[in-house]
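In case you want the letters, here they are:
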Amino acid sequence: DQPNLDYKIVLLGDSSVGKSSLVLRLCKGKFIENLEPTIGGSCVIQNIEIGEREVKLKIWDTAGQERFQSLTPLYYRGAKGALIVYDITNSGSYKRAKEWIRELIENGEQDAKIVLVGNKTDLETKVVEDITAQKFADKNGLEFFTTSAKTGEGVSQVFFALAQLLVGK
Ligand code: GTP
Ligand code: MG
């Protein structure tokens, strides 16, 4: 028998970029137009198959609102993987994503796998160009994906990619 593989991962990013919506899409396959902001943080477990192996992800969804920021280190502590999410229609959220990446590299788990995610690709008012984010990701050795929690586009791919990085494949 192969050992169980389980990992804590964390989602970080500004309020309303769609972190909870990505988790809801992954775990429940649905989308809610007016989701309430997350208070503090919450955890869900999702199993993902990578080849022959089952990887158990303990997914911590954090609150992006400013008043919860002092709690966030508690959530990324021990996380072997992170999704740093921004909203492609909001340049401030992209700037904040880059700050989260810096903070994780400095204070997070050593060798934590970090994936940058540009969410809300279903919207036509994009202000952050993919090439900009891709270049930043390349320079920092991260993977970059775009998603829509609304349509589901790219969502399972992001979690699958992170699980693969964690397993080392
Ligand atoms: P906090 O919990 O405050 O940190 O926010 P969050 O990052 O969890 O955002 P949340 O998932 O609550 O989404 C905020 C709003 O954006 C909700 O009204 C969602 O319906 C909407 N939303 C999330 N993802 C998408 C998307 O891919 N496309 C569109 N059009 N709207 C989205
Ligand atoms: Mg949330």
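Structure first, text after, so check above.
What comes next is a walk through the structure.

Basis of the calculations
Residues numbered from 1 in each chain as written. Chains lettered and ligands numbered in written order. Predicted model: local features only at pLDDT ≥ 70, side-chain atom pairs only at ≥ 80, totals over all residues. Heavy atoms only, no water. Salt bridge = Lys/Arg side-chain N within 4 Å of Asp/Glu carboxyl O. Helix = DSSP H or I, 4+ residues; strand = E, 2+ residues; numbered from the N terminus. Buried < 20%, exposed > 50% of the residue type's maximum accessible area, 1.4 Å probe, protein only. Near = heavy atom within 4 Å. Polar contact = N/O pair within 3.5 Å; in protein donor to acceptor, adjacent residues only side chain to side chain. Areas by Shrake-Rupley, 256 points an atom, 1.4 Å probe, with all protein chains shown as cover. 1 Å grid on protein atoms, 1.4 Å probe; cavity = no way out; pocket = protein on both sides within 12 Å on 5 of 7 lines; lining within 4 Å. Sits in = over half its atoms within 2 Å of the grid points. Nonpolar A, V, L, I, M, F, W, Y, C, P; charged D, E, K, R; others polar. Contact = heavy atoms within 4.5 Å. Phe/Tyr/Trp six-rings, centres within 6.5 Å; stacked < 30°, edge-to-face > 60°. Donors = N, O, S within 2.8 Å, 3.2 Å for Na, K, Ca; no water. Axes fitted to C-alpha atoms, helices over the stretch in contact; angles between N-to-C directions. Parallel < 35°, antiparallel > 145°, perpendicular 65-115°, else oblique. Pairing = 2+ DSSP bridges.

## A word on the pattern of salt bridges
Scanning the entire structure with this criterion turns up 7 salt bridges. Between Glu-99 and Lys-95 there is a salt bridge whose closest N-O contact spans 3.9 Å. One end of the pair, Glu-99, and the other, Lys-95, are both in helix H3 (residues 91-107), 4 residues apart, so they sit about a helical turn from each other. Residue class for Glu-99 comes out partly exposed when judged on its relative accessible area of 30%. One salt-bridge network, held together by shared partners, links Lys-95, Arg-96 and Glu-99.

## Examining the site of ligand 1
Every one of the 25 residues lining ligand 1 counts as a neighbour, but Ser-15, Lys-19, Ser-21, Glu-33 and Gly-64 are closest to it. Within the backbone of Glu-33, a nitrogen or oxygen atom sits 2.5 Å from an oxygen atom of ligand 1. Protein chains shield 92% of the accessible area of ligand 1, which is 650 Å² for the free molecule. Of the pockets mapped on this structure, ligand 1 occupies the largest pocket. Tallying contributions element by element places helix H1 (residues 19-28) first for the shell around ligand 1, with 3 residues. Considered class by class, the residues forming the shell around ligand 1 number 8 nonpolar, 11 polar and 6 charged.

## Here's the deal with the side chain of Ser-21
Along the chain, the position of Ser-21 falls in helix H1. Once you skip the residues sitting within four places of it in the chain, Ser-21 turns out to touch Phe-31, Leu-35 and Ala-149.

## Observations regarding the packing of aromatic side chains
Taken as a whole and assessed by the stated rule, the structure comprises 2 aromatic pairs. Where Trp-60 meets Tyr-75, the ring centres are 5.5 Å apart and the plane angle is 40 degrees; that geometry is what we call tilted. You can see Trp-60 sitting in strand E3 (residues 53-62) and its partner Tyr-75 sitting in helix H2 (residues 72-76), a full 15 residues away along the chain. Residue Trp-60 is classed as partly exposed on the basis of its relative accessible area of 26%. The buried category is assigned to Tyr-75, whose relative accessible area is 15%. Seen in terms of ring centroids, Tyr-86 and Tyr-94 are 5.0 Å apart; in terms of plane orientation they differ by 70 degrees. Their pairing is edge-to-face. Take Tyr-86: its relative accessible area is 0%, and that puts it in the buried class.

## Here's the deal with the side chain of Arg-25
Within the element layout of this structure, Arg-25 appears in helix H1. Of note is the side chain of Arg-25, whose polar atom sits 2.7 Å from the backbone oxygen of Lys-150.

## Notes on the coordination of the magnesium ion (ligand 2)
Taken together, Ser-20 (OG) and Thr-38 (OG1) make up the full set of protein donors to the magnesium ion (ligand 2), lying 2.1 Å away. Of the two residues, Ser-20 is situated in helix H1 and Thr-38 in the loop between H1 and strand E2 (41-50); the sequence distance between them amounts to 18 residues. Residue Ser-20 shares its accessibility class with Thr-38, and that shared class is buried.

## Notes on the packing of H1 against helix H5 (residues 155-167)
Following both chains from N to C, one finds H1 and H5 inclined at 90 degrees, their axes separated by 9 Å at the closest point. Taken together, the axes of H1 and H5 are roughly perpendicular relative to one another. Packed against H1, whose contacting residues are Leu-22, Arg-25 and Leu-26, the element H5 presents Val-155, Ser-156 and Phe-159 at the interface.

## Things to note about the pairing of E3
Summarising the sheet, strand E1 (residues 5-12) and E3 pair through 7 bridges and their orientation is parallel. Directly across from Leu-11, in E3, lies its bridge partner Asp-61. Here 10 bridges tie E2 to E3, and the two strands are oriented antiparallel to one another. Bridged to Ile-50 within E3 is Arg-53.

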